[in-house]
Amino acid sequence: MFEFGDESEKFVAAQMMLHGMTLYRDIFAHHGPVSYIIAHLYAALVSPTDFSYIRWVMVILALMSAASIYLSPSLKNTPARLWTVGVFLSLLSSIWVLQGIHMVLYHQIGGFLLVVPVTQLFVPLLLGDTPRKAGVVFSGLAIVISCFTAYSFGPTSVLLVLACLILVFTRTGMAGFRRFALYFTAGLAIGLLLLLSWMSVFSDLKGYLVYHFYFNQAVYSRFIDFSLADVKNVFKLSFTPATTIHSFVLVGFVSWLFVLASRFFPAADNKLRFWGSMAILIFVFAIALVNPRGGIGIHDAGFVILNMSLFALSAALCLQSPRFSTPRASAAQIVIGAMATIVAVLIFEQVSRHGISSPHQTPKNELRQHVVRMRPADAPVFEFIRSVSKPEGDMLALIFNPGVYIRSDRRPASGHYYYLPWQAAYNKNSVGGYKIDICKDIAERRPSVIFFDDWKVLQTYPIDEYEPCVPAIIKDKYTAVGNGSQLYLRSDLLTADTKSHQAEDMRLQPSPQLSTEQPLKLSMTTGPASQKGLKRIGIRFGTYAQQNAGEAELRLVRADGTEYRQIFPLSDLADNAYRHFDLDGSSYVSGQIIGVSGGGVSTWESHATNGEVLTCLTYEYADGKLGFTSGCPLY
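1. Here's the deal with the state of the cysteines
Step number 1: Applying the stated criterion across every chain yields a total of two disulfides.
Step number 2: What pairs with Cys439 in a disulfide is Cys469, and their sulfur atoms sit 1.6 Å apart. Negative torsions about the S-S bond denote left-handed disulfides, and the value of about 70 degrees found for Cys439 with Cys469 makes this one right-handed. With Cys439 in helix α16 (residues 438-445) and Cys469 in helix α18 (residues 469-477), the pair connects residues that are 30 residues apart, well separated along the chain.
Step number 3: Assessed through its relative accessible area of 10%, Cys439 is described here as buried.
Step number 4: Put simply, Cys616 and Cys632 are joined by a disulfide, and their sulfur atoms are 2.0 Å apart. The S-S bond linking Cys616 to Cys632 shows a torsion near -75 degrees; that makes this disulfide left-handed. One end of the pair, Cys616, is in the loop between β13 (613-615) and β14 (617-621); the other, Cys632, is in the segment after β15 (626-628), with 16 residues separating them in the sequence. Across this residue pair, the class does not change: Cys616 and Cys632 are buried.
Step number 5: Looking at the protein, its bonded cysteines, counted consecutively from the start of the sequence, adopt the pairing 1-2, 3-4.
Step number 6: The structure places no disulfide on Cys164, whose sulfur is separated from the nearest cysteine sulfur, that of Cys147, by 13 Å.

Below, the structure written as structure tokens:
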């Protein structure tokens, strides 16, 4: 559900990498490499064009987190393990789309990864359970991958490891500390080896440092007014539709913290209590730093995921004896704990129904109306883009519309395949030779089509201020395909009369309906002198929202008086769409549609104020030039 540019730009980058371009050098990216790795592997192994199923990766990550919770050494019996997984997945399902957890974004990926060290290391160490060797290794692996998901997970990872080391050293001494460090380091090494192996082939390591660290800290942070003090907003209660979910997660935060503390302190001696208290404080700060900007919605996804995993785990602990004398609690404890958890889950589900999705601000009961498929689309606008451009490097979608590339099945003409104010600010003071000049790319690569949404970014930054050369090139070298259109064609691809013909003061009107007695005249835009080498013509039909039976015949008259004829079924015609006919490259002077055995359709016509009437037609010439009737939509 929903398309989000921050996600779909990863898919476009994956396509570019499949065609030999290098991330962080040829392709601009300022997020960590893990989400790009996922997109690249999907494009290479599943489909390079259809990304409709990539979000199953997030389901896999959720199940991986559930498995980590199930296998936590702190859970002593199967009912408790099954209970915690059920609670975790139930909570997740309530906000899966509302919180944007279904999207392939670093916030969510990092949150799921960090569930592993939380449930395999910190909670068991706090409660006096011995982590399994495999759990320690996988925790190291998960932590290093989370850091490469986004460097913002670095502080959380450091603090989480510090809290675990304090508990390891306090409980097991130096010998246990060394064993822990050995297995944990092995996990880190495996993760680094896997990540660096991919990055050494498909990305630029120095460019990664420049764009992910320097760019975000020195440039991007100025535009989002980032301050570490914003982390305090994580603990702010608010019950608006946008913040209700976060507030109830905070209730869960207090719940799991109470359960863990009530399990830890009664069983600890004074020394362990002191160092355990330090570890708990560090751990709480680590969890808060998962959302360092203190944001809500998708920015809060990692914080929400970790808190739900801890709440689910603490709910299962309530099914076990608090004194650790037996692996199972009393029947009364089980009933009370189970009922309290069920009530909490049901309340959370009801609360989620009053929330709105992030980032699209849609109520939960309207989500099904926003199903999208990230693959080449057959909508007229995308068919038109495909008809006028080559697959590789022949279009741009600006300012921030990466989904257009996917639906058009076209690759960008620049590594800046979207262009926002922070990219322009960096380019004014680039470092290390890492600079992609979008205006140079447009001038040299001359994409045939530019999809230009003149968006005022953050309602503050218009592109004619932060990069004026882009709109200047578009104005000088490109022609809009209609009044108010976001599509611009390179002007030298258009016939001279098409470019000079203005579309103002024109109105669209259907022709009389076709019948066997009533042919439809085709009033062509240009005269015989400019209609040489016509290889394809498109005619915009109206079917009146119905499928018409029978056949019609296209008749075009050549300059020498001979005719070109082509019979076509009326049932093939789509309403308010162009039907294209391949021709033989001759020069044509006139044409008409003859009803052979049916009718009921019209052609669309552009009526000028001077009385001129022209049929809505598109022209494709052998020399690559294009023509169309002014005042008519092209898709």
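Resuming the write-up.
2. Section: the sheet that holds strand β8 (residues 551-558)
Step number 1: Strand order in the open sheet formed by four strands is β6-β11-β8-β9, with antiparallel pairing between adjacent strands. Looking along the sheet, the strands with just one partner apiece sit at the ends: β6 (520-522) and β9 (563-569). Each neighbouring strand pair of the sheet contributes to a mean axis angle of 20 degrees, computed without reference to strand direction.

Analysis parameters
Along each chain, residues carry numbers from 1 onward, in the same order as the chain's sequence is written. For a predicted model such as this one, the threshold for reporting local features is a pLDDT of at least 70, and the threshold for listing and counting side-chain atom pairs is 80 or more; totals across whole chains, interfaces and linings nevertheless cover every residue. Here the side-chain values reflect all heavy atoms present in the structure, with hydrogen atoms and water set aside. Two cysteine sulfurs form a disulfide in these notes if their separation is within 2.5 Å. Secondary structure elements are defined from DSSP: runs of H or I of at least 4 residues count as helices, runs of E of at least 2 residues count as strands, and each element is numbered from the N terminus. The buried label goes to any residue with under 20% of its type's maximum accessible area, the exposed label to any with over 50%, and the partly exposed label to all in between, with areas taken from a 1.4 Å probe on protein chains only. By definition, two strands form a pair when at least two bridges between them are found by DSSP. Lines fitted to C-alpha atoms define the axes here, with helix axes fitted over just the stretch in contact, and angles between the N-to-C directions of these axes take values from 0 to 180 degrees.

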